[in-house]
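The lines below spell out each chain.
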Amino acid sequence: MLGKTAGGLYWMFRYFERSENTARLVDAGFRMSLTRSASDQDEWMSVIQTTSIREAFEERHDEVNTATVTDFLLRDMTNPTSVMSIVEAARNNARLVRTALTREVWEAVNECWITLKDALARPVRDRELPATLALIRQQSALVRAALHGTMLRNEIYDFARIGTFLERADNTARILDVKYYVLLPSVMHVGSSLDNVQWETILRSVSAQRAYRWLNADDISARSIAEFLILDRRLPRSLAFCATKIVDNLQFLADDYGERHACHDAAEALVSRLRDNTVDAIFDIGLHEFIEQFIRDNNALGQQIEQDYRFNG
Amino acid sequence: MDRAGGFFDEMLGGGETARPPYSGFCDWLAGEETARLNKKSKEAETFFRRTGITFNVYGAEGANERLIPFDIVPRIISGREWARLSRGIEQRVRAINAFLYDIYHRQEILRSGRVPVDLIADNEAFLPKMIGVAPPGNVYTHIVGTDIVRTGEDEFYVLEDNARTPSGVSYMLENRETMLQMFPELFSKIRVQPVSDYPKNLRRSLAACAPERCDGKPVVAVLTPGIHNSAYFEHSFLADQMGAELVEGHDLRVVDGKIAMRTTRGYAPIDVLYRRVDDDFLDPLNFNPQSMLGVPGIMDVYRSGGITIANAPGTGIADDKAIYSYMPEIVEFYTGETAILKNVPTWRCSEQDSLDYVLEHLTELVVKEVHGSGGYGMLVGPAASKREVAAFREKLVAKPANYIAQPTLSLSTVPILTRKGLAPRHVDLRPFVMVSPRGINITPGGLTRVALKEGSLVVNSSQGGGTKDTWVLEE
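Residues numbered from 1 in each chain as written. Chains lettered and ligands numbered in written order. Predicted model: local features only at pLDDT ≥ 70, side-chain atom pairs only at ≥ 80, totals over all residues. Heavy atoms only, no water.

1. Notes on the nonpolar core
Phase 1 of the analysis: Judged by nonpolar contacts, the single largest core of 162 residues is most densely connected at I230 of chain A together with F25 and Y198 of chain B.
Phase 2 of the analysis: Contact partners of Y198 of chain B, with chain neighbours within four places excluded, come to I143, V169, M172, L173, L238, F432, M434 and T443 of chain B.
Phase 3 of the analysis: Ranked by size, the runner-up nonpolar core spans 46 residues in total, among them L282, A312, I330 and I404 of chain B. (Core = buried A, V, L, I, M, F, W, Y, C linked by side-chain atoms within 4.5 Å. Buried < 20%, exposed > 50% of the residue type's maximum accessible area, 1.4 Å probe, protein only. Contact = heavy atoms within 4.5 Å.)

2. Thoughts on the interface of chain B and chain A
Phase 1 of the analysis: The interface of chain B with chain A comprises 25 residues on the first partner and 27 residues on the second.
Phase 2 of the analysis: Roughly 2400 Å² of surface becomes buried between chain B and chain A when both sides are summed, with 45% attributable to carbon and sulfur atoms.
Phase 3 of the analysis: For chain B, the biggest contributors to the area lost against chain A are R50, R262 and T264 of chain B; these three give 31% of the whole.
Phase 4 of the analysis: Remark: the boundary between chain B and chain A carries four salt bridges.
Phase 5 of the analysis: Close ionic contact of R50 of chain B with E107 of chain A constitutes a salt bridge, the shortest N to O distance being 3.2 Å. (Buried area = accessible area lost by both parts, 1.4 Å probe. Salt bridge = Lys/Arg side-chain N within 4 Å of Asp/Glu carboxyl O.)

3. Structural notes on the domain arrangement of chain A
How big an interface is tends to be stated in terms of the accessible area lost upon association of its parts.
Residue and element names in this part refer to chain A.
Phase 1 of the analysis: Domain annotation of chain A identifies domain 1 (1-151) and domain 2 (153-313).
Phase 2 of the analysis: Once you take the C-alpha centre of each, domain 1 and domain 2 turn out to be 20 Å apart.
Phase 3 of the analysis: Contact residues are listed per partner, giving 30 residues for domain 1 and 32 residues for domain 2.
Phase 4 of the analysis: Contact between domain 1 and domain 2 buries roughly 3000 Å² in total, counting both sides, with carbon and sulfur atoms accounting for 57%.
Phase 5 of the analysis: Our count for the contact surface shared by domain 1 and domain 2 stands at four salt bridges.
Phase 6 of the analysis: Taken together, the connections running from domain 1 to domain 2 amount to ten residue pairs in polar contact (both at pLDDT 80 or more).
Phase 7 of the analysis: Its residues assigned to classes, the side of domain 1 that touches domain 2 comprises twelve nonpolar, nine polar and nine charged. (Domains from an automatic or database assignment. Polar contact = N/O pair within 3.5 Å; in protein donor to acceptor, adjacent residues only side chain to side chain. Nonpolar A, V, L, I, M, F, W, Y, C, P; charged D, E, K, R; others polar.)

4. Section: the domain arrangement of chain B
Residues and elements named next belong to chain B.
Phase 1 of the analysis: Each assigned domain of chain B is listed here: domain 1 (20-344 + 409-472) and domain 2 (345-408).
Phase 2 of the analysis: The gap between the C-alpha centroids of domain 1 and domain 2 is 26 Å.
Phase 3 of the analysis: Residue-level contacts link 18 residues of domain 1 with 18 residues of domain 2.
Phase 4 of the analysis: At the boundary of domain 1 with domain 2, total buried surface from both sides reaches about 1500 Å², with 52% on carbon and sulfur atoms.
Phase 5 of the analysis: When residues of domain 1 are sorted by the area they lose upon contact with domain 2, K321, V344 and L409 head the list and together hold 37% of the total.
Phase 6 of the analysis: The tally of links from domain 1 across to domain 2 stands at zero salt bridges.
Phase 7 of the analysis: Counting every contact that joins domain 1 to domain 2 gives five residue pairs in polar contact (both at pLDDT 80 or more).
Phase 8 of the analysis: Broken down by secondary-structure element, the contributors of at least two residues to the side of domain 1 that touches domain 2 are strand 5 (155-162) and helix 13 (321-324). (Helix = DSSP H or I, 4+ residues; strand = E, 2+ residues; numbered from the N terminus.)

Next up, the structure:
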């Protein structure tokens, strides 16, 4: 398989994962802005921070509110990480790697692009926002479904999955990074409704509010939320789950090619740091420090994979 | 249906009833309602859009991916008509390959005086780097698209020999696929020769042209300029259908005297490269040094017999529009036979007498740039405004050798479906030919391009043309 094709697949699925995550973040932000009596500016600001585009946003908009943030995150083509920009980039990658995709996957990608281009052609009004966000998630789900349902479980699939989980781990880590202070033990707000709303937003941003409730009933605490999102291997968006999946898929490649690389060691180190850890130990070294280190390692792993499998020469 | 005055209509001929090749189709058509057909036509468009069968338009802003309009009325050719056409095409393609070999070796045809020496020596399409190089199997034009127009019951002309990198074959295949999906009942009633073997045959034909030193199964790859190229869809489509890798210049490099592609497991050698990149961009070390699309050093590997490049570099000299006018002589010189397919009479503006004639008759003629393609840079005299003619006259006088002129042909028509029913439109035909040491293979049919605008003679997709499925009937 061409190195370029492997890279194209990897990035294509990173992009799709990112667009879905952005939609989920906007959804959580929007809900906060509707349920809080105070100004919604802080909440939107933290959404902007999570996507690491604060400077670019401030160049485009003076005000932080539902209209400006959703516009910037969903449909602004000058923002390279807006949903529309990303979906277009993903489709360009799909065209690039067309020969590696089944017809079903390609058509799902193309359909996603056509549908969203139409849905995001004009600014999205508040009352259309929930439906539009649902549409973005649904289109992304259709692409994933086509991948699961029609692709051979071979190297092509492995690279697609590695991209998916690297991006997802990065995203969950960023949400935790921006919101870590909400999870820190604090004398202020403890047990207040503000905390509850904040925590729920975090869970909602990773589509885990129901799952959390199944497992914890009404026992909502910062510590157990952190544990859930970082260490719980049952949650498909937790750091531990994503890292394990990366290791699995890299192992399939190693079996297939009969060759291990530096990225295999790096991925296993990442997993073992999560597996051999407890939430207490993480709070002892500092949640913020732990998350920052994870984001750095996860990025480095991505670069190592690109190099080991010759994505760019 | 209205009939366009003075033109040969392939469905009706000169009469009121369908010509024999169309009779089965017309029987079926009589039972169909225009509204249903129009609905089907919309469905076809959705199908093309969803599948992503698009082409990119250079310079167009915003929506820069367009669909080539597809018309659902097929263009039908009888088995007997096709037999004659394919004999003529085969003869011509054989002659072109012999001509190319000769031109890059002993140049007998120049010595005999049949083709003037200047025409080759001063021609940009002639590649001195190919002199004395024998391509694997002595095949120059692995893929040819011969543009043919019809003006009457038995009147066929070759308009152009596309011997560089002819495109459009993906539309031939997808058009048929679309028709099969939309009107399966038609194909059970009417026996149409299949075209779907094209990718498999192309792969075989290319593999048969692999370099002599290649042992084992030849590795074939398609070289594309990238996703922004106007024909990118076709490049990826063909690679996909052939089961070949789709590569760009930056995926390739010279490794141990072979061209190799960068894979996830290191560099893997390629034996046959079906390139959809022009000669000039193929090798920055040997040709245009600015090119980012090619592979540095590929020409050296090629000359040493390490890779097959399809089509061979330098084939452009054979489809040059100035050479075109000598095709009847070329066919006769190399085959010893009279050309089966006619050439359109052509005035070479480099010759003073011809130039004088052309300047006097500009409003009646079609004037083309010698190296142009895609319908750009040409004048269709009868359709042009006074100002356009005047502007073109200046260009022509400034550089006469850059132009040739031809009479405006009365291109045949085939009906298209409009909202009000059928209406005749002008068409041409591009059959696709494969050449290998094993022989010449012509896919029955080809791409029919149709000028959608009433009265228009320009069928190019970049200028408002559409396409039709082309049927060659089983005899």
